[in-house]
Amino acid sequence: MNKKVLVFAESKGSVLRQVSLEALSLGKQIAGQGELIAAAFGSGADGYVEALGQHGANQVWTLSDDRYNRYHSDLYFHAFVQVIQETNPDVIIVGHTANMKDVAPRIASRFGYGLITDCTGVEFEGEEPIYIRPIYAGKAFEKKRFTSSGAMFITIRPNNFKVEPSPTLPATVPFQAEPVDLQTVIREIVLKSTGAIDLAEAKIVVSGGRGVKHPDGFEPLQELASVLGGAVGASRGACDEGYCDYGLQIGQTGKVVTPDLYIACGISGAIQHVAGMSNSKVIVAINKDPEAPIFQIADYGIVGDLFEIVPLLTAEFKKK
Ligand code: FAD
């Protein structure tokens, strides 16, 4: 294999997203002896060069401009187009994040590239990568290959590809964005706090459902999550009841998570919820109802009252 792979190094605030490193590790595998290029935007871009080099990037294109600190559809699209025109990659890899889900189809359409989204795995037939992605809300998987000419564009689901350090000394290529005629202007940003740890990338998620019965019912879950260094999520049932913000919703119409450990508390396990968490590596369900469907997909099930069990778990983990 001798491919030129371009990875977009996405950041949140001033922190490089974990999925960017996962994308680089996959990129390294696909590039083989070829080139692995990363692109980073925003005033913190230069600060990411070392970390990107540690994960195999030979070249890092940096757009150090504070207008790019927050995602803007038009600005990112045009800057991305610029990097692609300059680097002419064979393969483009980005995280399957809210921002990249917005910009990736625009870019693929602009260049006429094929696009395979939400990949959770890759296998090789000879040198050809075959991409694996979930379908039917995670009930089945399909394997896809590119038949189109032009670059192969893929988005990868966070937490599904191993990060493999591969230290290099990358060349930094600073560039300026060409002036853009903006179609949209951001007037206001309303930030909702969904916790310090990004739910989509969290290694441990403690989730609450309608069974928490009250906004205060999330407190024991928050305590458990903080002891475990995880994030708190929710079912739509809990969000609809007003127990928590919709930013926490996991499922078909919420966030998709793939943590190492998912603890579902007072969640029945409706198909729409399961669609967002069924690929978690270990699932623990706590529910009063032994017939709750969540037990069908759980690796460990605890039949009981979450208000008794969650504090017991927290106390045990605190001892560790
Ligand atoms: P319930 O189904 O009411 O379950 C509550 C559970 O808590 C019960 O199993 C009960 O036994 C248990 N319980 C109660 N008290 C306790 C206690 N003290 N201790 C332990 N257990 C207790 N849902 C999502 O989650 N995410 C989505 O993205 C989503 N998208 C949807 C999209 C569409 C188009 C539709 C139609 C629905 C969608 N839903 C989604 C809703 C979904 O169908 C369910 O209604 C929802 O997931 C139910 O939430 P729940 O499990 O919290 O509530």
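Please read these numbers as outputs of a predicted model, since none were measured by experiment.

This next bit is on the layout of surface pockets. If you add up the space inside the second largest pocket, you get close to 290 Å³. Class assignment for the residues of the lining of the second largest pocket results in three nonpolar, twelve polar and two charged.

Those residues of helix H5 (residues 219-228) lying buried are Pro220, Leu221, Leu224, Ala225 and Leu228. Down the axis, H5 shows its buried residues gathered within 140° of arc, on one side only. For H5, the exposed residues set more than 90 degrees away from the buried face come down to Glu219 and Ser226. Contacts from the buried residues of H5 go to strand E13 (204-208), strand E14 (231-234), strand E15 (261-265) and helix H9 (306-319). Immediately beyond the C-terminal end of H5, within one or two residues, lies glycine 229, with a positive phi of roughly 70°.

The next thing to look at is the nonpolar core. Leu52, Ile93, Tyr131, Ile154 and Ile156 are the most contacted members of the largest nonpolar core, which has 31 residues in total. Of all the secondary structure elements, the ones that give two or more residues to this core are strand E1 (4-8), helix H1 (18-31), strand E4 (35-41), helix H2 (49-54), strand E6 (91-95), strand E7 (114-119) and strand E11 (152-156). The element contributing the most residues to this core is H1, with seven residues. Those residues in contact with leucine 52 that lie beyond four places of it in its chain are Ala9, Leu16, Leu21, Leu24, Ala38, Ala57 and Val60. Among the nonpolar cores identified, the runner-up in size contains 29 residues, and Leu6, Ile84, Val94 and Ala151 belong to it.

Another aspect to go through is the sheet that holds E14. By way of backbone hydrogen bonds, the strands of a sheet pair with one another, either parallel or antiparallel. The sheet built from five strands is open, its strands ordered E14-E13-E15-E16-E17 with parallel pairing. Single-partner strands in this sheet number two, and they are E14 and strand E17 (300-303). Between one strand axis and the next, the sheet turns by 20° as a mean value, whatever way the strands run. The pairing of strand E16 (residues 282-287) with E17 spans four bridges and is classified as parallel. Looking across to E17, one finds that isoleucine 286 is bridged to isoleucine 302. Across the sheet, H5 touches E13, E14 and E15, and the angle it forms with E13 is around 175°. Contacts from H9 reach E15, E16 and E17, with the element oriented near 135° to E16.

Criteria and cut-off values
- Counting restarts for each chain, with residues numbered from 1 along the sequence as it is written.
- Reporting of local features is limited, given that this is a predicted model, to residues whose pLDDT is at least 70; pairs of side-chain atoms are given and counted only at 80 or more, and all residues count toward the totals for whole chains, interfaces and linings.
- Heavy atoms from the whole structure form the basis of all side-chain values; hydrogens and water molecules are not counted.
- The pocket and cavity definitions rest on a 1 Å grid over protein atoms only: a 1.4 Å probe that fits but cannot leave marks a cavity, an open set with protein on both sides within 12 Å along at least five of seven lines marks a pocket, and residues lining either have an atom within 4 Å of a point.
- Grid points are joined across faces, edges and corners, and a volume is the space filled by probe spheres set on the points.
- Following the grouping adopted for this structure description, the nonpolar residues are Ala, Val, Leu, Ile, Met, Phe, Trp, Tyr, Cys and Pro, the charged ones are Asp, Glu, Lys and Arg, and the polar ones are all others, Gly among them.
- Burial status follows relative accessibility: with a 1.4 Å probe on protein chains alone, a residue under 20% of its type maximum counts as buried, one over 50% as exposed, and anything between as partly exposed.
- Secondary structure elements follow DSSP: runs of H or I no shorter than four residues count as helices, runs of E no shorter than two count as strands, and numbering proceeds from the N terminus.
- In this context, the arc is that of the directions from the helix axis out to the C-beta atoms.
- In what follows, a contact means two residues having at least one pair of non-hydrogen atoms within 4.5 Å.
- To qualify as a nonpolar core, a set must consist of buried Ala, Val, Leu, Ile, Met, Phe, Trp, Tyr and Cys residues joined through side-chain atoms within 4.5 Å.
- Two strands form a pair only when DSSP identifies at least two bridges running between them.
- For helices, the fitted line uses only the C-alpha atoms of the stretch in contact; every axis is such a line through C-alpha atoms, and the angle between N-to-C directions lies from 0 to 180 degrees.

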